Amino acid sequence: MNNKNTTIGIPKALLYYKYNDLWESFFNELGINVLYSPETNNEILERGKSLSIDESCLALKIFMGHVDYLVNKVDYILIPRIECLKKHEKLCTNFYALYDIVNNIFNTKILNYNIDVKKGKTEKKAFIQIGKSLNKSHVEILTAYNIAKNVFKESKKQRYFDQLNLLNTSTKNKILIVSHPYNTYDKLIGEPIIKLLKKQNTDIIYCDVFDEEEIKNKHTHISDKVYWTYSKELLGGLVNYYKHIDGIILLTVFPCGPDSLTNEMCMSKINLPIINIIIDELSGEAGLQTRIESFIDIVNEKKKVKNN
Amino acid sequence: MKKKIISFPHMGNYYIPIKYLLTKLTNCDIMLSPPITKKTLELGSKYSPDFVCIPFKYNLGNYIESLENGANILMQCGGGCRYGYYAEVQQQILKGLGYNFEFYSLTENDKLAAISMYRMFKKINKKLSIVKFLYYTILTLKMISYMDKIDIYIRANIGFEEEEKSFENLLKEMHKDLESTKGFIHLRKTYIKYNKLFRKIKLNKPSNCLKIGIIGELYTCMEPFSNYFLEKNLAKMNVEISRRTNVTYLVIKKRFNTKKILRECGNYCKYTIGADGTDNVSEARMLAKKGYDGLIHTKPFGCTPEIGAMSILQKVSKKEKIPILYFTFDSHTSEEGIKTRLEAFYDMIKMRRENNE
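Residues numbered from 1 in each chain as written. Chains lettered and ligands numbered in written order. Predicted model: local features only at pLDDT ≥ 70, side-chain atom pairs only at ≥ 80, totals over all residues. Heavy atoms only, no water.

**Digging into the overall build of chain B**
Part 1: From N to C terminus, chain B includes 15 helices and 8 strands.
Part 2: Here chain B has a C-alpha radius of gyration of 21 Å; the compact-globule value for 357 residues is 21 Å, and the two agree.
Part 3: Classification of the 357 residues of chain B by burial places 57% in the buried group.
Part 4: Roughly 16,600 Å² of accessible area belongs to chain B as shown, and the carbon and sulfur atoms make up 54% of that amount.
Part 5: Side chains of chain B carry 58 positive and 37 negative charges; the gap between the two charge centres is 8 Å. (Helix = DSSP H or I, 4+ residues; strand = E, 2+ residues; numbered from the N terminus. Rg over C-alpha atoms; globule rule 2.2 N^0.38 Å. Buried < 20%, exposed > 50% of the residue type's maximum accessible area, 1.4 Å probe, protein only. Areas by Shrake-Rupley, 256 points an atom, 1.4 Å probe, with all protein chains shown as cover. Lys, Arg positive; Asp, Glu negative; His and termini not counted. Charge placed at Lys NZ, Arg CZ, Asp CG, Glu CD.)

**Considerations on the interface of chain A and chain B**
When the parts come together, some accessible area is lost, and that loss is often what is quoted as the size of the interface.
Part 1: Facing 41 residues of chain A, the contacting portion of chain B comprises 39 residues.
Part 2: Across the chain A/chain B interface, buried area totals approximately 3,500 Å², and carbon plus sulfur atoms make up 61% of it.
Part 3: When residues of chain A are sorted by the area they lose upon contact with chain B, Glu55(A), Asn104(A) and Leu261(A) head the list and together hold 20% of the total.
Part 4: One can count 1 salt bridge joining chain A with chain B.
Part 5: We note a salt bridge from Glu55(A) to Lys299(B), for which the minimum N-O separation is 3.2 Å.
Part 6: In this structure, the connection of chain A to chain B is made through 15 residue pairs in polar contact (both at pLDDT 80 or more).
Part 7: Of all the elements in the fold, those that place two or more residues in the side of chain A that touches chain B are strand S3 (76–84), helix H4 (93–105), strand S4 (110–116), strand S7 (247–253) and helix H10 (257–269) of chain A. (Contact = heavy atoms within 4.5 Å. Buried area = accessible area lost by both parts, 1.4 Å probe. Salt bridge = Lys/Arg side-chain N within 4 Å of Asp/Glu carboxyl O. Polar contact = N/O pair within 3.5 Å; in protein donor to acceptor, adjacent residues only side chain to side chain.)

**Here's the deal with the sheet that holds strand S8 (residues 324–329) of chain B**
All names here are of chain B.
Part 1: If you walk across this open sheet you meet the 4 strands as S6-S5-S7-S8, and the pairing is parallel. Edge strands, defined here as strands with exactly one partner in the open sheet, are strand S6 (240–243) and S8. Pairwise comparison of adjacent strand axes, ignoring direction, gives a mean angle of 25° for this sheet.
Part 2: Here strand S5 (residues 211–216) runs beside S6; their pairing, made up of 4 bridges, is parallel. Looking at the pairing, Gly213 lines up with Ser242 of S6.
Part 3: Packed onto the sheet, helix H14 (residues 304–319) meets S5, strand S7 (294–300) and S8 and runs at close to 165° relative to S7. (Pairing = 2+ DSSP bridges. Axes fitted to C-alpha atoms, helices over the stretch in contact; angles between N-to-C directions.)

**Things to note about unusual backbone geometry**
Part 1: A cis amide bond, omega -15°, links Phe254(A) with the succeeding residue Pro255(A).
Part 2: By secondary structure assignment, the location of Pro255(A) is in the loop between S7 and H10.
Part 3: Positive phi is not limited to glycine here, since Leu14(A) has a value of about 45°.
Part 4: In this structure, Leu14(A) sits in the loop between strand S1 (7–10) and helix H1 (16–30).
Part 5: A positive phi is found at Lys321(B), a non-glycine position, where the angle reads about 55°.

**Focus: the packing of helix H2 (residues 42–51) of chain A against helix H3 (residues 58–70) of chain A**
All names here are of chain A.
Part 1: Contact geometry for H2 and H3: axes closest at 7 Å, N-to-C directions at 105°. Relative to H3, the element H2 lies roughly perpendicular. Two secondary-structure elements touch here, H2 through Ile44, Leu45, Arg47, Gly48, Lys49 and Leu51 and H3 through Leu58, Lys61, Ile62, Met64, Gly65, His66 and Asp68. (Parallel < 35°, antiparallel > 145°, perpendicular 65-115°, else oblique.)

**Remarks on the pairing of strand S2 (residues 33–36) of chain A**
A regular strand places its side chains on the two faces of the sheet in alternate fashion.
Part 1: Across 4 bridges, S1(A) lies against S2(A) in parallel orientation. Bridge pairing links Thr7(A) to Asn33(A) in S2(A).

**A word on the sheet that holds strand S5 (residues 173–178) of chain A**
All names here are of chain A.
Part 1: Taken together, 4 strands build an open sheet; the order of strands is S6-S5-S7-S8 and the sheet is parallel. What marks the edges here is a single partner per strand, and that holds for strand S6 (202–206) and strand S8 (274–279). Along the sheet, successive strands turn relative to each other by an average axial angle of 25°, direction set aside.
Part 2: Against the sheet, helix H9 (residues 229–241) engages S5, S6 and S7, with an angle of about 165° to S5.

**What about the state of the cysteines?**
In a disulfide, the sulfur atoms of two cysteines are held together by a covalent bond.
Residues and elements named next belong to chain B.
Part 1: For the coordinates displayed, the defined rule picks out 0 disulfides over all chains.
Part 2: Free cysteine Cys28: the closest other cysteine sulfur is in Cys77, separated by 19 Å.
Part 3: Free of any disulfide, Cys303 has its nearest neighbouring cysteine sulfur in Cys81, separated by 5.8 Å. (Disulfide = S-S within 2.5 Å.)

**Brief notes about the packing of aromatic side chains**
Part 1: In the structure shown here, the tally under the stated rule is 34 aromatic pairs over all chains.
Part 2: Relative to Phe301(B), the ring of Phe254(A) lies with its centre 5.8 Å away and its plane at 35°, an arrangement referred to as tilted. On the criterion of chain membership, the pair formed by Phe254(A) in the loop between S7 and H10 and Phe301(B) in the loop between S7 and H14 is interchain, its members lying in two chains.
Part 3: A relative accessible area of 28% places Phe254(A) in the partly exposed class. (Phe/Tyr/Trp six-rings, centres within 6.5 Å; stacked < 30°, edge-to-face > 60°.)

**Some remarks on empty space enclosed by the protein**
In this approach the atoms are scanned with a rolling probe the size of a water molecule, which exposes any empty space left behind.
Part 1: With the rule as written, the count across this model stands at 6 cavities of 30 Å³ or more.
Part 2: By volume, the largest cavity is sized at about 190 Å³.
Part 3: Together, 21 residues line the largest cavity, and Cys92(A), Asn94(A), Tyr182(A), Cys256(A) and Pro258(A) are the ones closest to its centre.
Part 4: Of all the secondary-structure elements, those providing two or more residues to the lining of the largest cavity are H4, H9 and H10 of chain A together with H14 of chain B.
Part 5: Looking at side-chain class alone, the lining of the largest cavity contains 13 nonpolar, 7 polar and 1 charged residues.
Part 6: By volume, the second largest cavity is sized at about 90 Å³.
Part 7: Sorting the residues of the lining of the second largest cavity by element identifies H9, S7 and H10 of chain A as the ones contributing at least two each.
Part 8: Residues belonging to the lining of the second largest cavity are distributed by class as follows: 6 nonpolar, 5 polar and 1 charged. (1 Å grid on protein atoms, 1.4 Å probe; cavity = no way out; pocket = protein on both sides within 12 Å on 5 of 7 lines; lining within 4 Å. Points joined across faces, edges and corners; volume = space filled by probe spheres on them. Nonpolar A, V, L, I, M, F, W, Y, C, P; charged D, E, K, R; others polar.)

**Brief notes about a nonpolar patch on the surface**
Residues and elements named next belong to chain B.
Part 1: Residues Ile130, Val131, Leu134, Tyr135, Ile138, Phe184 and Ile185 make up a contiguous nonpolar surface patch of roughly 650 Å² in combined accessible area.
Part 2: Contributing elements (two or more residues each) for the nonpolar patch: helix H6 (130–157) and helix H8 (184–200).
Part 3: Per-element accounting of the nonpolar patch gives the leading share, 5 residues, to H6.
Part 4: Turning to its location among the elements, Ile130 is positioned in helix H6. (Patch = residues over 30% accessible without salt bridge, like charges linked within 9 Å, V, L, I, M, F, W, Y side chains within 5 Å.)

**Remarks on the domain arrangement of chain A**
Residue and element names in this part refer to chain A.
Part 1: Partitioning chain A into structural domains gives domain 1 (3–151) and domain 2 (170–307).
Part 2: Computed from C-alpha atoms alone, the centre-to-centre distance between domain 1 and domain 2 is 27 Å.
Part 3: Around 2,100 Å² of area is buried between domain 1 and domain 2 when both sides are counted, 64% of it from carbon and sulfur atoms.
Part 4: The largest share of the area that domain 1 buries against domain 2 comes from Tyr17, Lys18 and Leu58, three residues that together contribute 28% of it.
Part 5: Counting every contact that joins domain 1 to domain 2 gives 3 salt bridges.
Part 6: Salt-bridge contacts for Glu281 lead to Lys61; the nearest nitrogen and oxygen are separated by 2.7 Å.
Part 7: One can count 9 residue pairs in polar contact (both at pLDDT 80 or more) joining domain 1 with domain 2. (Domains from an automatic or database assignment.)

Structural data, given as structure tokens:
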């Protein structure tokens, strides 16, 4: 295999929004071309819908559409499989099954890595696994991984720093969006909502931007039994920003398993204006607009009462 | 001090061993929640989050009915998928409704382990010794495994009984006897006695009868009310039924066979796909190899692991040439719709069999 011509396709969905900084610089260091699928559009959604089971969550359907776009355009498609990132924690089972679902639906070559900390399969080992399948030497892989890891950490820090700055300087209403990054930043799921919010003269705080050390045990204020890593992070972020914000939007895709229960916990334990927006593939923008506008009205009224 | 009354949600016939265990380990009264009816489901759905899965709603309905009848200690299990998070949310919803009760979960950190179970029972009954706890837990597990063994025989043959209800009546007798189990030897004697009696029931079974396997999510598989008495309806159509999912399998066998199950999946699965998804894929492939005529896959609406498994099962169905009927159960599922689909499926596999012969 001639490495110079190898292209890896990365679907712009699900874990892309979490790990892209890591992937991008890792492949960059190894000198491998990367092709991204475009931002989610209607065509991708339609393809995804026709390829997946009706009841799958919207994020997974969109992911299928992205994979479908990349098939036949690239040599490998990067599909991670993550079961467990920390001891005593888990991920949503969709991430367990991601590799096998794609492998059974598409007939394409997959570049796959597997993280399961409980069984000793760490992220480092996983990246060595993908490096090896691209015929790279051990040293090359480790250097690339270390550099990529640093870039990843730096960009995370930078984003957190920027957000703290915004929190301290902003005088507008601050609305916290509590949602998985693959919903918040998706062109079809999160972006219409963020646009509407910005029109209403608000500043948006993202729950998925945080410092890991700082939120470590904060989720216990809402629920101490939750064991999904990503939900834990969201709850921790929520508690972390709680005192500095004016309203909370829980953005969920239909029918998300973990969120269906953690939302219930959030709604009953929080005293700020809170709204749960559920997006499915049929959501229209008109209804959304009404809900967001009235929500902002509530936030304003509450603020007035508080200031008096 | 108020008398403590324990209650727990229903699942199939398993209330018998659970009641037995609780009576032996605690000094409280045990109250069975009223049998599941449509009202149970209505109550449960009313107070549940919007798109939580259906077992949550049934469990919540059971709890509310028990609390109304005076129970003040509730129990929940958990593990695998979001089932592990049921306990906390249900507790909170019930507290919000103004009930006064204690809530215990058999699982800790999403795992069912003997030590955490012992710790939990110790909270209810301070005098409980570990020896007594282990003795009765193992005895109960043995009882469950005997019940499951008998159930497997019943499932395969109930469609062919000569005299109607002979299996059902004998099963009721067995359950009554199990309630007064005295120890391992007594339990074994009961099992051997009923095993003989069940095998004596006269059958009218052709050697080439239709065979259907049931796979899917555990609750909708095992609680007959939640799947609209699927197995009973199938039995009326004179088919042999096989189902691997039972408590013995989930609690004991699965733990030691993870690698074997993954191997049985062949090329379809490289990794475990969460909860019981892998087991169902392997079971589907094994039953196809054994020459079963069709499979029925049951799941609650929105069950994430089973949806993952479905994408893979569709390929299994195509490659191994075995038809699979997918049922999704929700609080709005209509019984007639299920019957119609079941009948059509039966006709289809019957015709398929005739064409092949």
